[in-house]
Each structure stands twice: as structure tokens, then as C-alpha cells.
Amino acid sequence: MDNHESKLIAAILRGEVEAFEVLIERYQPRIFGNARRYARRTDEVEDIVQEVFIKAYQKLGTFRGEAPFEHWLMRLTTRTCYDFLRRHQKNREHPLAELSEDENDWLERFAASPESAHDEEDAARQLVSKIIESLNAEDRMVITMQEIEEKSVKEIAQLTGWSESKVKVRAFRARNQMRKILARIAKEKFL
Amino acid sequence: MDLDKLTEKLLKAAKSPADEAVPYAFEKRIMAHLSDLPKPVLDPLLFWARALWNAVPVCLALCLGAFLLSEPGHSSSTSLDVELKNTVMYSSEVFAQVW
């Protein structure tokens, strides 16, 4: 942990609350980036980030200082995002209920000739967001971290607190689940 | 339709840099919330755990020092054997006397 950061933490624990603002300023872009992977609405994203910093402040006394503060904070962020996904699992409307015209068109082009449907198109991005949003909390976390953020199994295990074997099994199941959703869409559209 | 290829293509499409934009003065909003919360303090159990952990090498060094300073030529294994035997036999002798 860098010396300046450990001094800041010691100051906060001595009661100098204003030192926490420096930590917020330093880490809030990363936490916003993370939260936006799991929540779409601005108020939900802001709630996640706020919750992370409030938890970090309240639990600062338990920070051991053996690993960098950033790792501790990112674990807290991952846990908060996961809790958010679980809380919103039930009351979320099914995002795959209706595909847009562009998404349908993209799928039709892929079915006709996979090379003509490009992955950099907005329609492809929207379609994959909808599919990922329809996954359960654990599958969504692991797919997002492994496929979108390109984190290793070890990094995901450290962030989530799951074992490496659980991460591997989860990743396999999540990809399978994605494939099943795509098969269902294909069946509905093309059969 | 090749579902594996479609999955791969869509996952490739999902890769995008994170949007790290921060709303104006967001840190002030959090700081305002913190003023209502109790101030964080160092966990006393953690403090003790750290202190005990730090004491481990010192204790080990003291043990090693005490061992090295104790009579190096004296072999206590024989006398310990005898003492153990005497203790065990004494209890059986006492038992025999009582009955």
C-alpha cells in the first residue's frame, strides 16, 4: 500500500473524516465504471457507488493493510454490485421480451451469412446487453468479469471470494445459459 | 444457425471500455452522508490480533535463546523415562496398598 494512502487511512481512523474525500476522488471513476456494468439507470449506478463508499468508511477499521487498499475496495465494490443484482433479480422485467428492429435485422443477417453481421454494430451490443441482463446474478457477474473485463479466473476468485473451481464451473454454466437463450431466440425467429 | 459462433460474436461485441465518468461534485454528496454516521475506529480485536502476530517472531527467538542457553551437555531423556516410569508405578503401588 502506498505510504500516502496509509497515512490517509490512519488520519481517518483518528477522526479526520475529511481525509476520506481524497480516497473518494481517487477511486470513484473506477467504481462508477464497475457499477455501470451492472446497472443501467443513473440513479441505480449512483446508489451503488454511494453504498460502496459508505460501507468502506464504516468498515475502514477492519482494513488490515496487508493488501493494497484498492484491492480491498474493489472486493467491496464487487460484493455490492452482486448484492444489487440479487436484489433486482425478481422485480426486473424480462429484457428479452421484445427485440428491436435493428436487433432482429442483425440476427437475420447473421443467420443468412455470419460474416455480414459485424460485432462492432450497435445492434449487436444492444442484443448482447439484453442477453447478459437476462442471466441470473452469479452468471452475469462471471460473464461480465471474464468476457467483458477480461479478468483471469484467479482475479475473479479474489474479487468475489469464490473458489477458483466455482468460478470455472460458473463461467461454463453462464456461457451455456447464453447459448440456450440464443437457441430459444433462434427457434422463435427462424422455425 | 451456428450458436457457438453467434455467442462468440456477441461476447466480442460486448467488450467495451468502462464508462468512468463521475457526476459533478459526487464526492461532496458522499461526504455529506458520512457526517451523519459514527466515525470509524480501529477494530480492537484486529488490534490485538496484529499485536499478537507481531509478537510471534520475538517469542520464537526467546524460546530458541532459552533452549540454547540451557545446559547443552545434559541429556534429560533417561531421567524423564525413569520419572515417567516411577510416576506410573507409584499409582499402581498406591492402588495395591489400598486394596
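Conventions used here
- Residues numbered from 1 in each chain as written.
- Chains lettered and ligands numbered in written order.
- Predicted model: local features only at pLDDT ≥ 70, side-chain atom pairs only at ≥ 80, totals over all residues.
- Heavy atoms only, no water.
- Helix = DSSP H or I, 4+ residues; strand = E, 2+ residues; numbered from the N terminus.
- Rg over C-alpha atoms; globule rule 2.2 N^0.38 Å.
- Lys, Arg positive; Asp, Glu negative; His and termini not counted.
- Charge placed at Lys NZ, Arg CZ, Asp CG, Glu CD.
- Buried < 20%, exposed > 50% of the residue type's maximum accessible area, 1.4 Å probe, protein only.
- Contact = heavy atoms within 4.5 Å.
- Areas by Shrake-Rupley, 256 points an atom, 1.4 Å probe, with all protein chains shown as cover.
- Buried area = accessible area lost by both parts, 1.4 Å probe.
- Polar contact = N/O pair within 3.5 Å; in protein donor to acceptor, adjacent residues only side chain to side chain.
- Nonpolar A, V, L, I, M, F, W, Y, C, P; charged D, E, K, R; others polar.
- Domains from an automatic or database assignment.
- Salt bridge = Lys/Arg side-chain N within 4 Å of Asp/Glu carboxyl O.
- pLDDT = per-residue confidence, 0-100.
- Phe/Tyr/Trp six-rings, centres within 6.5 Å; stacked < 30°, edge-to-face > 60°.

**What about the overall build of chain B?**
In terms of helices and strands, chain B carries 4 helices and 0 strands. For chain B, the sequential pattern of α-helices and β-strands runs α-α-α-α. For 99 residues, the compact-globule formula gives about 13 Å, and the C-alpha radius of gyration of chain B, at 35 Å, lies well above that figure. Expressed along its principal axes, the backbone C-alpha trace of chain B runs to roughly 90 × 55 × 40 Å. Here chain B carries 9 positive and 12 negative side-chain charges, and the mean point of each set is 16 Å from the other.

**Side note on the overall build of chain A**
The secondary structure content of chain A amounts to 9 helices and 0 strands. Taken from the N to the C terminus, the helices and strands of chain A come in the order α-α-α-α-α-α-α-α-α. Principal-axis analysis of the C-alpha atoms gives chain A an extent of 65 × 35 × 30 Å. Taken over 191 residues, chain A has a buried fraction of 50%. Nonlocal contacts in chain A, meaning residues at least 24 apart in sequence, comprise 62% of its contacts between residues at least 6 apart. Accessible surface computed for chain A: about 9700 Å², of which carbon and sulfur atoms make up 46%. Across chain A, the centroid of the 33 positively charged side chains sits 8 Å from that of the 35 negatively charged ones.

**So, the interface of chain B and chain A**
A common way to state how big an interface is: give the accessible area lost once the parts meet. Counting residues at the interface gives 40 residues for chain B, matched by 55 residues for chain A. In total, about 4300 Å² of surface goes out of reach between chain B and chain A, with carbon and sulfur atoms giving 66% of it. Applying the counting rule to chain B against chain A returns 13 residue pairs in polar contact (both at pLDDT 80 or more). Listed by contribution, the elements that provide at least two residues to the side of chain B that touches chain A are α1 (3–14), α2 (26–34) and α3 (44–69) of chain B. Ranked by the residues each element gives to the side of chain B that touches chain A, the list is headed by α1 of chain B, at 12 residues. Split into classes, the residues belonging to the side of chain B that touches chain A amount to 22 nonpolar, 3 polar and 15 charged.

**Things to note about the domain arrangement of chain A**
All names here are of chain A. Domain annotation of chain A identifies domain 1 (3–87) and domain 2 (101–190). On the domain 2 side, the residues contacting the 12 residues of domain 1 number 14 residues. Taking both sides of the interface into account, the surface hidden between domain 1 and domain 2 amounts to around 1200 Å²; carbon and sulfur atoms contribute 56%. Of all residues in domain 1, R37, Y38 and Y82 give up the largest surface area on contact with domain 2, accounting jointly for 46% of the area buried on that side. At the boundary of domain 1 with domain 2, the tally comes to 2 salt bridges.

**Some points on the pattern of salt bridges**
Residue and element names in this part refer to chain A. Scanning the entire structure with this criterion turns up 24 salt bridges over all chains. One salt bridge connects R40 with E133, and the closest N-O pair in it is separated by 2.4 Å. Of the two residues, R40 sits in the loop between α2 (19–38) and α3 (42–59) while E133 sits in helix α6 (residues 122–133), which places them 93 residues apart along the sequence. On the basis of relative accessible area, E133 is assigned to the buried category, the value being 16%.

**Topic: unusual backbone geometry**
Positive phi is not limited to glycine here, since E150 of chain A has a value of about 55°. Residue E150 of chain A is classed as exposed on the basis of its relative accessible area, which comes to 54%. Of note in this structure, A25 of chain B is not a glycine but carries a positive phi near 55°. When you line up the elements, A25 of chain B lands in the loop between α1 and α2. On the basis of relative accessible area, A25 of chain B is assigned to the partly exposed category, the value being 29%.

**Let's talk about the confidence of the model for chain B**
In this model, chain B carries a mean pLDDT of 82, and residues with pLDDT of at least 70 account for 91%. Here helix α4 (residues 77–98) of chain B stands out as the least confident element of chain B, with mean pLDDT 78; α2 of chain B is the most confident, with 93.

**A few points about the packing of aromatic side chains**
Under the definition given, this model contains 9 aromatic pairs over all chains. A centroid spacing of 4.9 Å and a plane angle of 75° characterise the contact between F32 of chain A and F26 of chain B, whose relative ring orientation is edge-to-face. Placement of F32 of chain A in helix α2 and of F26 of chain B in helix α2 is noted, with the two residues assigned to different chains. Given a relative accessible area of 0%, F26 of chain B falls into the buried group.

**Some remarks on the environment of K166 of chain A**
Residue and element names in this part refer to chain A. Inspection of the secondary structure assignment puts K166 in helix α9 (residues 164–190). Judged by its relative accessible area of 32%, K166 falls in the partly exposed class. Taking the C-alpha atoms as reference points, K166 and V153, 13 residues apart in sequence, are found 9.5 Å from one another.

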